[in-house]
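Read off the chains here:
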Amino acid sequence: MSDKFKTMEDKLGLDKFKAFEKTHLKIKEGVDAHKLVEGKLFICPAKVYELNDKGEAIVSFENCLECGTCRVAAPDEIEWEYPQGGYGVTFRFG
Amino acid sequence: MGAEEKFDLIIVGGGPAGLTAAHVAAKAGLQVILLERGEFCGSKNVFGGIFFTNVMREIMPDFEKDAPLERVVTRRRWSLMTPDGEMAGEFRFNKFAEAPHNNSYTVLRAKFDKWFADKAEEAGAMIITGAVVDDFITENGAIKGVKARMDDGDIYGDMIILADGVNSLLAKKIGLHRELPAVSTIVGVKEVIALPEEKILDRFGVEGSHGAAYEYFGYAARGAIGSGFIYTNRDTLSVGVGGTIASLIEHKLNSNDLLEDFKKHPVIAPLIKGGEQKEYSAHLIPDMGYNGLSKLYADNVMVAGDAAGFVNASLYHEGTNLAMETGKIAGEAAVMAKEKNDFSSASTSQYEKRLKETFALKDMKKFRNLPKTLEHSPQLFEKYPKIMEEFVRDMFTVDGEPKGKKQARLIKRLLKQESMFGFIKTALDVRRVIL
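Draft legend 1. Broad picture of the environment of B:Ser184. Residues and elements named next belong to chain B. Its place among the elements puts Ser184 in the loop between helix H4 (169–173) and strand E11 (185–194). Note on Ser184: relative accessible area 8%, which makes it buried. In sequence terms Ser184 and Ser227 are 43 residues apart; their C-alpha atoms lie 13 Å from each other.

Okay, here's the thing in structure tokens:
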């Protein structure tokens, strides 16, 4: 394996994204976001949900691969919709 | 769209189910509009790697002339992965390279679905891209169309086929299916890795335009309920792994980390060595089986493909052909409904009725117990692969110990870890659901 692409950031750099100004992913009000990320959302293929140094949840929606894993993992805690039409990830291979 | 404009059929989603429905219905003369949320049809679509073309051949017998096909699959290999190695079985039939090519081609969906969309347009369907549909237009409780999130996005039509993929928020909205269960929804992650053609031929033991499909079971997802794959394209490999969402959470596994580990496994690493990553993608697979299919129709509405849950997750791993078959039958049902000018469930129910006579619903039914069996047999993914590895490796270890003695010793040790009854029951359960 070539060692060029190892980090998630580098891998996502391979994909074509067109970010919309507004997020399509939200952790619902009143949900313990820290616990949710640690308990469930860590499985996200793009690591969209991460905790910062202060332990707060960061949602990097612009990296979303639009699979729906977070939605199925936490249907009651997440508001999920498709990004605006024509935006988000565009697969060139698929 | 102006309110005065009304289509016979609105299709949501430009994957194999939606495009087939569009092709069939437009060709029969219906006014068809297909709404795709991506920049182009295929731009959001991901699968493992084999497009099964039996239905494609029915609706477009000459598709091989210009379809962007990668390789014809002549070799399929199944491996029971263990932490340190593998045990495998395979078939290879060069006859499959002859027409009709066993209807098994590796493809890359961004190219293939885009090509298919052009064909659907040629057949007369109107395709609007960049159009994400959030809701239905209803009048007095009756569905009259859909709302796309765009200017003039209210689109009216007599019938709607939901082919909006595994997440199908629309089918959920009108109660045709429940939320996808985490125990039987698989998240698959995949990389497309470029490798010179001659390396692909050498490493996978194929010639010319022939290709191979390698599938990995057992300890492919580091003990979680899941599997992995490598499919050979012309000059790239599709390499991926997936596991049920519930199982990955339980095992504290991030899906990308899982893929990175899969690529480093001693069995996989030499096959992809020196390759150059081209793309990273992720997608859900509805693995609920027959019992988890959505309701397939309502007044004015039919559901096809992944949106309804049509994936045969047994050893055969078929999906694209089920999507196309359901899309085809739904499209034909729309044509019949138009002839009768009746768009109520009396008409749309014909879709399910006819589908029962096809391989799509019959195969789903045959493998209906697969999701439950896998969910209740976590030993298949960690404990058994480890036991098998130990047993086979030790039996083949050449160290002067007589084989009979070795065997007796190993069986004794094996039965300490699992009862004979447990082994046999699992073996029978699994055979019934995968073959």
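Draft legend 2. Up close: the interface of chain A and chain B. With 42 residues of chain A in contact, the opposing surface of chain B contributes 58 residues. Summing both sides of the interface, chain A and chain B together bury roughly 4200 Å²; the carbon and sulfur share of this comes to 53%. Summed over the shared surface of chain A and chain B, the number is 8 salt bridges. A salt bridge links A:Lys11 to B:Glu260; the shortest N-O distance between them is 2.6 Å.

Draft legend 3. Local environment of helix H1 (residues 16–27) of chain B. Residue and element names in this part refer to chain B. With 12 residues, H1 extends 16 Å between its outermost C-alpha atoms, agreeing within 8% with the 16 Å of an ideal straight helix rising 1.5 Å per residue. Burial analysis of H1 places 11 of its 12 residues in the buried class, the great majority of the element. After H1 finishes, the residue Gly29 shows a positive phi value of roughly 105°.

Draft legend 4. Highlighting the side chain of B:His23. Relative to the assigned elements, B:His23 resides in helix H1. Among residues more than four places away in sequence, those in contact with B:His23 are B:Ile59, B:Met60, B:Lys119, B:Ala120 and B:Ala123.

Draft legend 5. Fine view of the pattern of salt bridges. Following the criterion strictly, the structure yields 40 salt bridges over all chains and no others. A salt bridge links B:Glu64 to B:Arg57; the nearest nitrogen and oxygen atoms lie 3.0 Å apart. For B:Glu64, a relative accessible area of 24% corresponds to the partly exposed category. With a shortest N-O distance of 2.3 Å, B:Asp261 and B:Arg222 are connected by a salt bridge. Within this pair, whereas B:Asp261 is found in helix H7 (residues 255–264), its partner B:Arg222 is found in the loop between strand E12 (210–218) and strand E13 (226–232), the two being separated by 39 residues in sequence. Residue B:Asp261 is classed as partly exposed on the basis of its relative accessible area of 29%. The network of salt bridges with common partners includes A:Lys11, B:Glu191, B:Glu260 and B:Lys263.

Draft legend 6. Summary view of a nonpolar patch on the surface. All names here are of chain B. Together, Ile411, Leu415, Met420, Ile424 and Leu428 make up an exposed nonpolar region whose accessible area comes to about 430 Å². Contributions of two or more residues to the nonpolar patch are made by helix H14 (403–417) and helix H15 (420–434). Ranked by residues supplied to the nonpolar patch, first place goes to H15 with 3 residues. Mapped onto the secondary structure, Ile411 falls in helix H14. The exposure class assigned to Ile411 is partly exposed, which follows from its relative accessible area of 33%.

Draft legend 7. Local environment of the nonpolar core. Counting residues in each nonpolar core, the largest one holds 79 residues, and the members touching the most others are B:Phe310 and B:Tyr351. Looking at this core, the element that brings in the most residues is helix H9 (residues 320–340) of chain B, giving 9 residues. If near-sequence neighbours (up to four positions away) are discounted, B:Phe310 is found in contact with B:Leu293, B:Leu296, B:Gly305, B:Gly319, B:Leu322, B:Thr326, B:Tyr351, B:Leu355, B:Ala360, B:Leu361 and B:Met364. With 64 residues, the next largest nonpolar core counts A:Leu41, B:Val46, B:Val189 and B:Leu248 among its residues.

Draft legend 8. Highlighting helix H13 (residues 383–395) of chain B. Residue and element names in this part refer to chain B. An ideal rise of 1.5 Å per residue puts 18 Å on 13 residues; H13 measures up with 18 Å between its terminal C-alpha atoms. For H13, the full list of buried residues reads Tyr384, Pro385, Ile387, Glu389, Asp394 and Met395. Considering only its buried residues, H13 is in contact with strand E4 (71–81), strand E5 (86–92), E12, H14 and H15.

Draft legend 9. Seen up close, the confidence of the model for chain B. Of the residues in chain B, 99% have a pLDDT of 70 or more, and the chain-wide mean is 95. Both confidence scores are given for the complex: pTM 0.95, ipTM 0.96.

Draft legend 10. Broad picture of the side chain of B:Ser255. In this fold, B:Ser255 is placed in helix H7. A relative accessible area of 1% means that B:Ser255 is categorised as buried. Of the polar contacts made by the side chain of B:Ser255, one reaches the backbone oxygen of A:Ile43; its length is 2.7 Å. Contact partners of B:Ser255, with chain neighbours within four places excluded, come to A:Ile43, A:Cys44, A:Pro45, B:Val187, B:Val189 and B:Leu248.

Draft legend 11. Spatial organisation of unusual backbone geometry. Residues and elements named next belong to chain B. With an omega of 5°, the peptide bond between Ala99 and Pro100 qualifies as cis. One non-glycine residue, Asn102, lies in positive phi territory at about 50°. Mapped onto the secondary structure, Asn102 falls in the loop between E5 and strand E6 (104–106). With a relative accessible area of 33%, Asn102 lands in the partly exposed category. In this structure, Lys252 takes a positive phi of about 55° despite not being glycine. If you trace the backbone, Lys252 turns up in the loop between helix H6 (245–250) and H7.

What counts, and at which threshold
Residues numbered from 1 in each chain as written. Chains lettered and ligands numbered in written order. Predicted model: local features only at pLDDT ≥ 70, side-chain atom pairs only at ≥ 80, totals over all residues. Heavy atoms only, no water. Helix = DSSP H or I, 4+ residues; strand = E, 2+ residues; numbered from the N terminus. Buried < 20%, exposed > 50% of the residue type's maximum accessible area, 1.4 Å probe, protein only. Contact = heavy atoms within 4.5 Å. Buried area = accessible area lost by both parts, 1.4 Å probe. Salt bridge = Lys/Arg side-chain N within 4 Å of Asp/Glu carboxyl O. Expected span 1.5 Å × (residues − 1). Patch = residues over 30% accessible without salt bridge, like charges linked within 9 Å, V, L, I, M, F, W, Y side chains within 5 Å. Areas by Shrake-Rupley, 256 points an atom, 1.4 Å probe, with all protein chains shown as cover. Core = buried A, V, L, I, M, F, W, Y, C linked by side-chain atoms within 4.5 Å. pLDDT = per-residue confidence, 0-100. Polar contact = N/O pair within 3.5 Å; in protein donor to acceptor, adjacent residues only side chain to side chain.

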